[in-house]
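Secondary and tertiary structure notes
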Amino acid sequence: MRRAERLFQIIQILRRSTRPATAASLAEELEVSKRTVYRDVADLIGQRVPIEGEAGLGYLLASDYDMPPLMLTPDEIEAVILGAQWVAGRSDKVLSNAARDVVAKIAAVVPEHLRAFIVEPSVGAKPAVAGPEERIDASRLRSAIRNGRKLRLRYRSEAGEETERNVWPVILGYAETSRLLVAWCELRHGFRHFRTDRIIEAEMLDETVGLSQGELRHRWERWRETSIRPSS
């Protein structure tokens with residue numbers, strides 16, 4: 001890795017870190033010595049990059065530091081391309097088109113010498129296998145999650161039993177051939193996972209979940225850490 005790339009990568013690591021990154025952790029990821037890290041960090045500070053901390057304690061990048069977001073490395077570009085290929089082949093129409101749009105936007109702004117990594121990437125996602133037919137528009141589920149709105153579902157269980165229930169949607173999970181809506185279920189008084197191909201109807205209600213932004217997800221994450229997933 002060239003020195004300029006290494007300095008850029010140090011900034012990237014610090015940007016994604018929520019805790020101080022030690023010289024040892026930086027050295028391990030960059031595959032260099034700690035002495036090289038100390039020297040590189042000192043150089044960055046000398047270039048007025050707002051890095052806080054010191055050797056032995058760890059480093060943090062000031063939260064208000066801004067850097068052009070599309071100074072991408074070849075590995076970062078191919079990571080985006082691989083993810084976009086997977087999404088385009090396995091998600092709903094809106095997200096599929098969004099994935100293709102992202103690739104087109106990146107191709108339009110990256111330097112010429114990086115475009116080959118978009119046109120002819122060294123990675124590729126396996127073509128998607130057709131999943132079960134779905135009746136509902138997944139973009140409506142995602143909209144309810146974003147806006148903290150409750151959903152009224154008509155749902156058919158694996159055994160064929162139909163129920164109607166109000167749920168507080170948390171996240172829409174994507175597997176290879178299916179999707180799961182994770183939600184707090186008012187009928188069952190707990191978190192449940194609903195296969196979207198078994199959702200017969202989904203109506204977004206005017207009523208909100210009544211929790212601050214992110215709180216419902218935090219509660220689900222805590223539940224997930226301590227629970228075995230129950231059936232719906």
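What comes next concerns the included structure. Here the structure is a predicted model, which is why all the values come from computation and not from measurement.

Procedures and definitions
- Residues numbered from 1 in each chain as written.
- Predicted model: local features only at pLDDT ≥ 70, side-chain atom pairs only at ≥ 80, totals over all residues.
- Heavy atoms only, no water.
- Helix = DSSP H or I, 4+ residues; strand = E, 2+ residues; numbered from the N terminus.
- Rg over C-alpha atoms; globule rule 2.2 N^0.38 Å.
- Buried < 20%, exposed > 50% of the residue type's maximum accessible area, 1.4 Å probe, protein only.
- Contact = heavy atoms within 4.5 Å.
- Areas by Shrake-Rupley, 256 points an atom, 1.4 Å probe, with all protein chains shown as cover.
- Lys, Arg positive; Asp, Glu negative; His and termini not counted.
- Charge placed at Lys NZ, Arg CZ, Asp CG, Glu CD.
- Pairing = 2+ DSSP bridges.
- Axes fitted to C-alpha atoms, helices over the stretch in contact; angles between N-to-C directions.
- Core = buried A, V, L, I, M, F, W, Y, C linked by side-chain atoms within 4.5 Å.

**Overview of the overall build of the chain**
- The helix and strand tally for the chain stands at eight helices and seven strands.
- Relative to the globule expectation of 17 Å for 232 residues, the C-alpha radius of gyration of the chain, 23 Å, shows a markedly less compact shape.
- Referenced to the eigenvectors of the C-alpha coordinate spread, the extents of the chain come out at roughly 65 × 40 × 30 Å.
- Counting only residues that meet the buried cut, the chain has 35% of its 232 residues in that class.
- A fraction of 60% describes how many contacts in the chain between residues 6 or more apart in sequence connect residues 24 or more apart.
- In the form shown here, the chain has an accessible surface area of approximately 14,300 Å², with 50% of it arising from carbon and sulfur atoms.
- Counting 36 positive and 34 negative side-chain charges, the chain places the averaged centre of each group 2 Å from the other.

**Quick notes on the sheet that holds strand β5 (residues 179-185)**
- Spatially, the five strands line up as an open sheet ordered β6-β5-β4-β3-β7, and their pairing is antiparallel. Every interior strand has two partners, whereas the edge strands, β6 (190-195) and β7 (199-208), have only one. Taken pair by pair, the neighbouring strands of this sheet meet at an average axis angle of 45°, ignoring direction.
- The sheet contact formed by strand β3 (residues 149-156) and strand β4 (residues 162-174) spans six bridges and is antiparallel. The residue bridging L151 from the neighbouring strand is V167, located in β4.
- Set on the sheet, helix α7 (residues 138-147) makes contact with β3, β4, β5 and β7; between it and β4 the angle comes to about 80°.

**Points about the nonpolar core**
- In this structure, L14, L44, I51 and Y59 are the most contacted members of the largest nonpolar core, which totals 17 residues.
- Listed by contribution, the elements that provide at least two residues to this core are α1 (3-16), α2 (23-30), α3 (34-46) and β2 (58-61).
- Sorting elements by how many residues they give to this core places α1 first, with five residues.
- Grouped together as the second largest cluster of nonpolar side chains are 15 residues, I136, L141, L151 and C185 included.

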